[in-house]
Amino acid sequence: MDKITDAKFMQGFIRMCNDGWEQGWHERNGGNLSYRIKDEEVEEVKSFFTEDKPWAPIGTAVPNLANEYFLVSGSGKYMRNVILEPEANICIIELDSKGENYRIRWGLVNGGRPTSELPSHLMNLEVKKLINPKYRVIYHAHATNVIALTFVLPLTDEAFTRELWECATECPVVFPDGIGVVPWMVPGGREIAVETSKLMKKYDVAIWAHHGMFCAGEDFDLTFGLFHTVEKSAEILVKVLSMSPVKRQTIQPDEFRHLAKDFKVNLPEQFLYEKHN
């Protein structure tokens with residue numbers, strides 16, 4: 001391997017950053033991405049690592065991620081520049097034996113630090129790892145239509161899940177567990193990370209009111225596809241609400257139950273309530 005960016009996981013990460021930019025979800029330095037690197041992938045790229053970077057506090061503790069490596073976007077970096085200069089805009093970090101500190105092993109060659117929302121990413125990755133070790137990706141972006149809906153829909157899991165399920169038939173199949181919602185909080189710190197990680201115990205999608213959305217997945221394709229599906233359904237709902245505050249027809253609870261049976265998914269009954277316009 002001539003360059004670290006030749007590694008397949010690096011290529012996937014870079015592509016996802018650029019795909020999100022192309023969708024319009026990453027204005028300026030908005031949004032961030034993290035990937036929990038597999039052991040065999042670490043071995044593949046270790047020869048490119050540096051040893052001279054200092055340890056720094058994460059801002060939280062993630063003991064179940066101790067000694068692991070992560071590929072993450074940089075704080076204040078622009079997603080549109082990742083494909084042009086990955087070594088200046090993203091980095092690989094290593095966690096210490098307690099999961100309390102990190103050090104940069106590659107990247108951010110012009111200086112800087114990992115995303116300011118590193119606590120949220122790592123706490124979410126820890127939660128997902130404990131539930132299903134196959135989960136490795138956390139993606140945060142500023143999805144326009146999802147954000148718009150946080151100003152008009154009740155900020156509840158039930159309201160967002162049901163409304164987005166109704167707007168695209170594939171949605172209950174793509175995210176059958178539903179969607180969680182975090183009310184507005186200051187981003188970047190431990191408090192919002194804790195609240196988001198609570199939701200990630202139940203869902204793969206968490207919406208930050210008036211800010212954006214977090215998605216978790218096993219790989220880049222699944223995670224990006226999940227995010228894309230939620231945002232497209234939100235776009236449909238925004239268009240519907242712009243035409244009429246009341247839907248003339250929509251998918252009904254029993255129809256969702258039939259869908260769940262045919263597609264062999266479990267749809268929680270809390271989202272299949274009777275609506276009264």
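Below is a short write-up of the structure.

Cut-offs used in this document
- Residues numbered from 1 in each chain as written.
- Predicted model: local features only at pLDDT ≥ 70, side-chain atom pairs only at ≥ 80, totals over all residues.
- Heavy atoms only, no water.
- Helix = DSSP H or I, 4+ residues; strand = E, 2+ residues; numbered from the N terminus.
- Rg over C-alpha atoms; globule rule 2.2 N^0.38 Å.
- Buried < 20%, exposed > 50% of the residue type's maximum accessible area, 1.4 Å probe, protein only.
- Expected span 1.5 Å × (residues − 1).
- Pairing = 2+ DSSP bridges.
- Axes fitted to C-alpha atoms, helices over the stretch in contact; angles between N-to-C directions.
- Parallel < 35°, antiparallel > 145°, perpendicular 65-115°, else oblique.
- Left-handed = near helix turned anticlockwise from the far one by under 90°.
- Contact = heavy atoms within 4.5 Å.
- Nonpolar A, V, L, I, M, F, W, Y, C, P; charged D, E, K, R; others polar.
- Patch = residues over 30% accessible without salt bridge, like charges linked within 9 Å, V, L, I, M, F, W, Y side chains within 5 Å.
- Areas by Shrake-Rupley, 256 points an atom, 1.4 Å probe, with all protein chains shown as cover.
- Salt bridge = Lys/Arg side-chain N within 4 Å of Asp/Glu carboxyl O.

A count of helical and extended segments in the protein gives 10 helices and 9 strands. Over its C-alpha trace the protein gives a radius of gyration of 19 Å, about what one expects of a compact globule, namely 19 Å for 277 residues. For the C-alpha atoms alone, the extent of the protein along its principal axes is close to 60 × 35 × 35 Å. Here the protein holds 277 residues, and 53% of them are scored as buried.

A few words on helix α1 (residues 8–23). Compared with the 22 Å implied by 1.5 Å per residue over 16 residues, the 23 Å span of α1 between its first and last C-alpha is a close match. Among the residues trailing α1, G24 stands out with phi positive, at a value near 90°.

It is worth spelling out the pairing of strand β9 (residues 212–217) at this point. The buried fraction of β9 amounts to 6 of the 6 residues, a majority that puts the element mostly inside the structure. Judged by which residues are buried, β9 turns out to be covered on both faces: G212, F214 and A216 on one side and M213, C215 and G217 on the other are all buried. Taken together, the 5 bridges between strand β6 (residues 137–141) and β9 define a ladder with antiparallel strand orientation. Note on β9: the bridge partner recorded for H140 is F214.

Running from amino to carboxyl end, α1 crosses helix α9 (residues 220–243) at an angle of 15°, the nearest separation of the two axes being 10 Å. With respect to α9, the axis of α1 lies roughly parallel. The chirality of how α1 crosses α9 is right-handed. Contacts between α1 and α9 involve F9, G12, F13, R15, M16, D19, G20 and Q23 from the former and F220, D221, T223, F224 and H228 from the latter. In terms of residue class, the contact of α1 with α9 is made up of 5 nonpolar, 5 polar and 3 charged.

We now examine the packing of helix α6 (residues 157–167) against α9. When two helices pack together, their arrangement is given by the angle between the helix axes and by the axis-to-axis distance. Axis separation between α6 and α9 bottoms out at 8 Å; the angle between their running directions is 85°. By the criterion of interaxial angle, the relationship of α6 to α9 is roughly perpendicular. Judged by residue contacts, E163, L164 and C167 of α6 engage V230, S233, A234, I236 and L237 from α9.

A surface patch of nonpolar side chains, about 300 Å² in accessible area, is lined by F151, V152 and L241. With respect to the helices, strands and loops of the structure, L241 is situated in helix α9. Look at L241 and you get partly exposed, because its relative accessible area is 33%.

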